[in-house]
Amino acid sequence: MLGCVATLYAQISPAYALDEKKALEAYKHELPRDYGYLYGKTYELYHYGLETSPLFNATLGMDGIIYSNGESYSATLMYDIYKDELVCLTDIFPASNFICLNNEVIDSFKVVAKPESKSPLQLRRETEFTFVKVNFSEIEQDVLANGFYETIKSGDKAIFVHHEAIQGNNEGEEAVIQGIFRYDYVRKKTLLLNGRYYDLNSKRKFLNQFPENKKAISKKLRSFHARFEDLSATQLLEAVNLITE
């Protein structure tokens, strides 16, 4: 980790254009402990002028906490769900305010998302999201890819929500007004129950997989007075808890 940050110091500022040994000394004496999780790569914004955003909640900064190797760090975070990059906003480096974090050493992170007009989340109030890094077995990777998932558990049940931005192309007048590219927001929801995975990406799929509990689950889903696509992981878990095996 020290080597990564030392390389960053040497790359982004003439003041730290030193050999690695000197850069390491600069790190030890001048870099606050709370920034020891930086990866050493600057993040370049690439969606200016577009109507849609590849960023979680379409925001450039959220209050957050990073959990790494048994330590926790408070930080202002940005999560690129197209590139799957977690980014720290900091003013400690003169040449860049956006620094990528090292996903390999991050176990989980929390962010507080606020209502944003352009966000597909359509939040009504500040909401905390917890993302956990999940590494699946080779067999499980046929169903789910490794990465950060919004994860919520109850007993032998777990819901994994993967937030993604899928890049598409605008054409004609739409491209002139909204930009060449667009980023379509997708939440892929999966239930783990008794060692089996179930697709929760549509209400029909959900209900058809549990016919014996279909009526109770359907009643619970209606009680939320929201579209199935907009239900939170917590609300889905409430419905899932009605499943009897």
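Below, the structure is looked at part by part. Every value quoted in this text rests on a predicted model; they were computed, and no experiment measured them.

**As for helix α6 (residues 233–240)**
Next up, step 1: What α6 keeps buried is the set A233, L236, L237, A239 and V240. When α6 is viewed along its axis, its buried side chains cluster within an angular range of 160° and face the same direction.
Next up, step 2: For α6, the elements touching its buried residues are β8 (147–154), β9 (157–169), β10 (181–193), α4 (203–209) and α5 (214–223).

**What to know about the pairing of β10**
Next up, step 1: Sheet topology places β9 next to β10; 13 bridges connect them, and they run antiparallel. In the strand pairing of β10, G168 is matched with R182.
Next up, step 2: Pairing of β10 with strand β11 (residues 196–199), which is carried by 4 bridges, proceeds in the antiparallel orientation. Of the residues in β11, the one forming a bridge with L191 is Y198.
Next up, step 3: The turn joining β10 and β11, which pair antiparallel and follow one another in sequence, is formed by 2 residues; a positive phi near 50° is taken by N194.

**Quick word on the environment of F210**
Next up, step 1: The topology assignment puts F210 in the loop between α4 and α5.
Next up, step 2: For F210, a relative accessible area of 5% puts it in the buried group.
Next up, step 3: For the pair F210 and I243, spaced 33 residues apart in sequence, the C-alpha to C-alpha distance is 7.3 Å.

**A closer look at the packing of aromatic side chains**
Next up, step 1: Enumeration over the complete set of coordinates arrives at 15 aromatic pairs.
Next up, step 2: Pairing Y46 with Y82 gives two aromatic rings, centres 6.5 Å apart and planes at 50°, and the pair type is tilted. A residue pair is termed long-range when its members are at least 10 positions apart, and Y46 in the loop between β1 (38–42) and β2 (62–68) and Y82 in the loop between β3 (71–80) and β4 (85–89) qualify at 36 residues.
Next up, step 3: A relative accessible area of 26% places Y46 in the partly exposed class.
Next up, step 4: Classification of Y82 as partly exposed rests on a relative accessible area of 36%.
Next up, step 5: These aromatic residues form a ring-pair network of at least three members: F56, Y79, F109, F129, F131 and F148.

**What to know about the nonpolar core**
Next up, step 1: Counting residues in each nonpolar core, the largest one holds 24 residues, and the members touching the most others are F56, L77, Y79, F109, V111, F129 and F131.
Next up, step 2: Taken together, the elements giving at least two residues each to this core come down to β2, β3, β4, β6 (108–113) and β7 (127–134).
Next up, step 3: Broken down by element, the residue count for this core peaks at 4 residues, all from β3.
Next up, step 4: Within the second largest apolar cluster, 20 residues are counted, among which are I159, I217, L221 and L231.

**Points about the pattern of salt bridges**
Next up, step 1: For the structure shown, the criterion picks out 7 salt bridges.
Next up, step 2: The residue K220 makes a salt bridge to E238 at a minimum N-O spacing of 3.7 Å. Pair noted here: K220 is in helix α5 and E238 is in helix α6, with a separation of 18 residues, a long-range link.
Next up, step 3: Accessibility expressed as a relative area gives 35% for E238, which makes it partly exposed.
Next up, step 4: As a salt-bridge pair, D230 and R227 come within 3.0 Å of each other at their nearest N and O atoms.

**Focus on the pairing of β4**
Next up, step 1: With 4 of 5 residues buried, β4 is to be regarded as a mostly interior element.
Next up, step 2: Judged from the 5 bridges that link them, β3 and β4 form a sheet pairing that is antiparallel. Bridge assignment links M78 to a residue of β4, and that residue is V87.
Next up, step 3: Connecting β3 to the next strand, β4, in antiparallel fashion are 4 residues, including D84 with a positive phi near 55°.

About the thresholds
- Residues numbered from 1 in each chain as written.
- Predicted model: local features only at pLDDT ≥ 70, side-chain atom pairs only at ≥ 80, totals over all residues.
- Heavy atoms only, no water.
- Buried < 20%, exposed > 50% of the residue type's maximum accessible area, 1.4 Å probe, protein only.
- Helix = DSSP H or I, 4+ residues; strand = E, 2+ residues; numbered from the N terminus.
- Arc of directions from axis to C-beta.
- Contact = heavy atoms within 4.5 Å.
- Pairing = 2+ DSSP bridges.
- Phe/Tyr/Trp six-rings, centres within 6.5 Å; stacked < 30°, edge-to-face > 60°.
- Core = buried A, V, L, I, M, F, W, Y, C linked by side-chain atoms within 4.5 Å.
- Salt bridge = Lys/Arg side-chain N within 4 Å of Asp/Glu carboxyl O.

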